[in-house]
Amino acid sequence: MAVKSVYLLFLLIILKYNWANCYCSGWKAMVEQKLRVTLITGRTIDQGVAKELGKGSQEYFDSVAICFLDPSDIKKLGLKNGVNVQITSPYGSVVVKAKKYPYGAISGMVFMPCGLWANAICSDETDSIGMPTFRGFTVEVEPAPDKPVLTLDELLKQQFGK
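Quantities reported herein were computed from a predicted structural model and do not represent experimental measurements. The residue count restarts for each chain, going from 1 along the sequence in the order it is written. In view of the model being predicted, local features appear only for residues whose pLDDT reaches at least 70, and side-chain atom pairs are presented and counted only at 80 or more, with totals across whole chains, interfaces and linings using the full set of residues. Where side-chain values are given, they derive from all heavy atoms of the structure, hydrogens and water being excluded.

The number of helices and strands found in the protein chain is six helices and six strands. Numbered from the N terminus, helices here are DSSP runs of H or I no shorter than four residues, and strands are runs of E no shorter than two. Counted from the first residue to the last, the protein chain has its helices and strands arranged as α-β-α-α-β-α-β-β-β-α-β-α. Remark: exposure states derive from per-residue accessible area (1.4 Å probe, protein chains only) relative to the maximum for the residue type, with buried under 20%, exposed over 50%, and partly exposed in between. Taking all 162 residues of the protein chain together, the buried fraction comes to 32%. Contact criterion: two residues are considered in contact whenever any of their non-hydrogen atoms come within 4.5 Å of each other. Pairs at least 24 residues apart make up 74% of the contacts formed inside the protein chain by residues separated by at least 6 positions.

Structure below.
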């Protein structure tokens, strides 16, 4: 009887270690670490309403320091709604909150409201047309639960050093 108890305890310890190891490694076998998607930026109603309160308001921050992903893409990354993600493009990188896109399927795309957070990853090149590239290029999205979403002042200081 004692041998069975020791064996069972040993088995439970091994299972617990393997579960913790899989959990800590991010379930690499089941979850992608980075997702390559197409970035689209644009204006939102929430952003317009919050802008009336001022770009320094919490409401404005909450309406633009975000990105919207398809629920299937959020699942691929192993995220929960509202978790921080890092979005990286050839032009820069920024941390924002990821939310499920509520208006239909947009698998393979990420939508960000226009603003400083989106500008941090968009090109400033105009290709001689006078308008920077705000949409239609590839970015990488990865979980960043331990990285903060910078405030407007912090992001301005990071981007411009002032």
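Moving on to the pattern of salt bridges. Salt-bridge detection follows one rule: a side-chain nitrogen of Lys or Arg within 4 Å of a carboxyl oxygen of Asp or Glu. One pass over the full model with this rule turns up three salt bridges. Between Lys34 and Glu140 there is a salt bridge, with the nearest N and O atoms lying 3.6 Å from each other. Placement of the pair is Lys34 in the loop between α1 (2–24) and β1 (35–42) and Glu140 in strand β6 (residues 137–143), with a sequence separation of 106 residues. Looking at Lys34, the relative accessible area reads 42%, which means it is partly exposed.

The aromatic pairing rule takes the rings of Phe, Tyr and Trp, using the six-membered ring of Trp, and pairs them if the centres are within 6.5 Å, calling planes under 30 degrees apart stacked, those over 60 edge-to-face and the rest tilted. Under the defined criterion, the tally for this structure stands at five aromatic pairs. Grouping aromatic residues by their ring pairs yields a cluster made of Phe68, Tyr101, Tyr103 and Phe111.

Our next topic: the layout of surface pockets. By volume, the second largest pocket amounts to about 300 Å³. Elements that contribute at least two residues to the lining of the second largest pocket include exactly α2 (45–51), α3 (58–64), β2 (66–69) and β5 (109–113). Charged residues are taken to be Asp, Glu, Lys and Arg, nonpolar residues to be Ala, Val, Leu, Ile, Met, Phe, Trp, Tyr, Cys and Pro, and polar residues to be all remaining types, Gly included. Along the lines of polarity and charge, the residues of the lining of the second largest pocket split into eight nonpolar, two polar and three charged. Here a cavity denotes a set of grid points, spaced 1 Å apart and computed over the protein atoms alone, in which a 1.4 Å probe fits but from which it cannot get out, and a pocket denotes an open set meeting protein on both sides within 12 Å along at least five of seven lines; residues with an atom within 4 Å of a point are reported as lining. Grid points are joined across faces, edges and corners, and a volume is the space filled by probe spheres set on the points.

Let us look at the sheet that holds β5. Two strands pair under a simple rule: DSSP has to find at least two bridges between them. Overall, mixed pairing links the six strands, which are arranged β1-β5-β2-β4-β3-β6 in a closed barrel. Taken pair by pair, the neighbouring strands of this sheet meet at an average axis angle of 45°, ignoring direction. Of the pairings in the sheet, the one linking β1 to β6 comprises five bridges and is antiparallel in character. Counted as the bridge partner of Leu39 is Phe137 from β6. To obtain an axis, a line is fitted to C-alpha atoms, over the contacting stretch when the element is a helix, and the angle between two such axes runs from 0 to 180 degrees between their N-to-C directions.

Our next topic: the nonpolar core. Most often, soluble globular proteins keep nonpolar side chains buried together rather than apart. Residues Cys67, Ile87, Met112 and Trp117 are the most contacted members of the largest nonpolar core, which totals 31 residues. Residue assignment for this core shows that the elements contributing at least two residues are β1, α3, β2, β3 (84–89), β4 (92–100), β5, α5 (116–119) and β6. Element by element, the count of residues in this core is highest for β4, at four residues. Trp117 has contacts with Phe61, Val64, Ala65, Val94, Val95, Val96, Met112, Val149, Leu150, Thr151, Leu152 and Leu155, leaving out every residue within four places of it along the chain. Definition of nonpolar core: a set of buried residues of the types Ala, Val, Leu, Ile, Met, Phe, Trp, Tyr and Cys, connected through side-chain atoms within 4.5 Å.

As a further point, take the confidence of the model for the protein chain. Confidence scores labelled pLDDT are given residue by residue by the predictor and lie between 0 and 100. This prediction gives the protein chain a mean pLDDT of 82; 79% of its residues lie at or above 70. Within the model, the stretch residues 10–30 combines pLDDT values under 50 with six contacts to residues more than four positions away or in other chains.

So, on to the side chain of Ser57. By the secondary structure assignment, Ser57 is in the loop between α2 and α3. Residue class for Ser57 comes out buried when judged on its relative accessible area of 13%. Identification of polar contacts relies on pairs of N or O atoms within 3.5 Å, with a donor-acceptor requirement for protein atoms, meaning one able to donate a hydrogen and the other able to accept it, and with residues adjacent in sequence counted only if both atoms are side-chain atoms. Of the polar contacts made by the side chain of Ser57, one reaches the backbone oxygen of Gly54; its length is 2.8 Å.

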